[in-house]
Every structure is written in structure tokens, then in C-alpha cells.
Amino acid sequence: MAGLKILPPLEPGDLLLLDGGMSTQLSRYVTGVDEDPLWTARSLVEHPDKVEQCHMDFINAGARIILTDSYQISEQGFKDHLSLDSKATRDVIVKSVQIARTAVTKCGRPDNYILVGGSIGPYGACQHDGSEYTGDYIRNGSVTKDDLVKWHRPRIEALSKAVVDFMAVETQPTWQEAIAILDCIAEVDPVVPVWVTFTVKNETSLANGESIKDAISHVMRHPLYSSGRIFALGVNCCSPKVITGALDSIRAVNRSLPLVVYPNSGEEWDGAERCWKGVPQVWDECVSDWLKRGTIIFGGCCRVDSDQVMQLRVA
């Protein structure tokens, strides 16, 4: 995987275990996470020790990749709910990387054994209305590409300043926002590797109904792809039962890049009531199909805790 410095180097057939859902793990230590408009990001300010403990939990469960707790950070959100200005918000984003690095050190892992990815969630996540699973703000035209580039820039600049190992453009409900983020990364950082994962509603469609194949084609036309900086494509925070088909849709367009997969439990987020509903699904019968399609980075998203990550390692 070009640009990633991981030791020991990966051999053919090796897998990299990713962490699980920060919100699920953090809920062990902090109450009211899912109801909070800042979600897990508030704890970077009010409970940084608990965020660090969550990273350590995942590392001790076997994760070789952890993502920063920056998924739901925005300047507007921190101004509205924490009365922090732009500089203070950027400082918190930098702190999210430092906390992850400290967790690696405290777990006794050597340099470059654990990769720290900078989490870049979609605009909709910070609206706390479930629109990251619909992309309605793109479909209805209320947010333009220029708006998205401007909105994402502070977080991308701060993650770049803090020197993450890569940037995780994740839970994207539309290809338009993914491209806006890639444009911003290209402007801000000349070298950082990137992965791009979409959230999907079925085997052929993104969360907003657009074609998975079209989305991957748009990513492949981006300069970051042609320069080799996009090192993996995949899906996250979606039902396990649709992933095999979604990976087939990706593979119909791109047969070369490694795949990254981190589903949620199969429950569904109710944006109105701000809670998870439904019954968790069993992954066991699906995992071998994902690996056969070229998945080498594998973990969990919402409702997946460190115990389940450890079970993935054993499996």
C-alpha cells in the first residue's frame, strides 16, 4: 500500500485489523454519547482520558489501525456547543491525533506498528440528524461543492499539521462530497495517503441512491488516485448483509486496490429519536466472501466494540 509506513511490512495474505466504533466503546465510560450533538467529539475536550482509553482498548484487542476521534468535529459545532473559536477547535483536532499516538505508546507498541488515520466524516454527521446516511444536503442543493471544501478544510489542515499516517475519508453518502474532500486534501497536503469508504443502502447504491460503480469511477478520475495516494477503497457503517454485493460493485470498476470494510452491527440509526434500532446481524458467514474479494483492512463501525474486534482477530 503505497505511502504507508507500517512495520513489519505486510506479506501477501496479511490482514490489518481496524478498530471499532468509538461511540460504542466510549459509552462504556461516558453517558449520553449518542444523544450528544457533538457525539464522541465532546469527550476530546471534557474526557480526553476516556478517549485515550478507548484507543487502548482497541489496540489491546489487536487493532493495527486506529482512527482519530475527529469524525464529528466542526468549527460551527464547537462554537455552538462548546463556545470554542476556530483556533481552539483546530487545536482539539490536533489533540485527537496526539491522544491516539499516546495510546499507542502506552500500549507498548513500536513505531509504525500501529497506523493512526485521521477520520474525516461527512458534513451530514455534524448536523446530527442522520443525513450522513441519506446525503439529502447534496440532493436538495442546500450545500454546494465549494461549501463542502470550505467546511472540511479546517479539519483537514489540522490533521495534516498533526501528521497522521493517512486520512480516512469515511462514511461518505455521495461521491460529490468525497470528491470535494479529496480536492481539499490535494490542496492542503502534498503527500498524505488516503482511503475512501462509502456508506451504502444496498449492493449497488450509495446511501443517497447513486450508483456505487459511478462513485468509484469518479474517485478513480481524481488526481489523488492517478498519483497513487489513494491506497484503498471500501464501505463502512452499513449493514453486513449488503457488503458482499457492494464489494462486487466496486470490483466491477476497480480490480487492483485493496479493499477496506468496517460495517456496523446491522442495526439502523434513527436520526429523529437519536438511537439505534433493530437487531444485530451475524457476520461470520460473510467474512470469507469479503476476504476473497480483496479485503485486507477489516474492522467495525457503530455498535462494534473492542470485544467484537478481538473476536475478529481470533476468527
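I will try to describe carefully the structure that is included in this document. As the structure is a prediction and not an experimental result, all values here were calculated from the model. Each chain has its residues counted from 1, running along the sequence as written. Totals for whole chains, interfaces and linings use every residue, but because this is a predicted model, local features are given only for residues with pLDDT of at least 70 and side-chain atom pairs only at 80 or more, for both listing and counting. Neither water nor hydrogens contribute to the side-chain values; these are computed over all heavy atoms in the structure.

### Re the side chain of Arg229
Put simply, the rule reads: Helix and strand assignments come from DSSP, with helices taken as H or I runs of at least 4 residues and strands as E runs of at least 2, each series counted from the N terminus. Polar contacts, as used here, are pairs of N or O atoms within 3.5 Å; protein pairs need one atom able to donate a hydrogen and one able to accept it. Residues neighboring in sequence count only if both atoms are side-chain atoms. Contacts are assigned to residue pairs with any non-hydrogen atoms lying within 4.5 Å of each other.
Residue position: Arg229 is located in the loop between α10 (223-226) and β6 (230-236). Separated by 3.1 Å, the side chain of Arg229 and the backbone oxygen of Val192 make a polar contact. For Arg229, the contacting residues outside a window of four places in its chain are Ile185, Asp189, Pro190, Val191, Val192, Pro193, Val194 and Leu224.

### A word on the environment of Lys106
Within the secondary structure layout, Lys106 lies in helix α5 (residues 86-106). Sequence separation between Lys106 and Gln53 is 53 residues, and the spatial gap between their C-alpha atoms is 9.9 Å. Looking at Lys106, its side chain comes within polar contact range of the side chain of Glu52, at 2.7 Å.

### What to know about the pairing of strand β3 (residues 115-120)
Operational definition: The rule is simple: take the accessible area with a 1.4 Å probe, protein chains only, and divide by the maximum for that residue type; under 20% is buried, over 50% is exposed, in between is partly exposed. We treat two strands as partners when DSSP finds at least two bridges between them.
Burial within β3 is extensive, with 6 of its 6 residues counted as buried. The two faces of β3 match: Leu115, Gly117 and Ser119 on one face and Val116, Gly118 and Ile120 on the other face are all buried. For strand β2 (residues 65-67) and β3, the ladder comprises 3 bridges, and the chain directions are parallel. Paired with Ile66 across the bridge in β3 is Val116.

### Section: the pattern of salt bridges
Pairing is possible between side chains of opposite charge, provided their charged atoms come close. Where we set the bar: Whenever a carboxyl oxygen of Asp or Glu lies within 4 Å of a side-chain nitrogen of Lys or Arg, that contact is scored as a salt bridge.
As enumerated under the stated definition, the model contains 15 salt bridges in all. For Glu46, the salt bridge identified is with Arg42, shortest N-O distance 3.5 Å. With a gap of 4 residues between them, Glu46 and Arg42 both fall in helix α2 (residues 42-46), about one helical turn apart. A salt bridge links Lys145 to Asp183; its shortest N-O distance comes to 2.8 Å. With Lys145 in helix α7 (residues 145-161) and Asp183 in helix α8 (residues 175-188), the pair connects residues that are 38 residues apart, well separated along the chain. Where salt bridges share partners, they join Glu75, Arg90, Arg153, Glu157 and Glu187 into one cluster.

### Focus on helix α12 (residues 284-292)
Working note: α-helix, 3.6 residues per turn, so residues spaced by three or four point in the same direction. Here is the rule: The directions from the helix axis to the C-beta atoms form the arc being described.
Restricting attention to buried positions, one finds in α12 the residues Cys286, Val287 and Trp290. Projected down its long axis, α12 carries its buried residues within an arc of 110°, all on one side. For α12, the exposed residues set more than 90 degrees away from the buried face come down to Glu285 and Lys292. Residues of α12 that are buried sit in contact with α11 (243-251), β7 (259-262) and β10 (295-298). Just past α12, the residue Gly294 takes up positive phi, approximately 105°.

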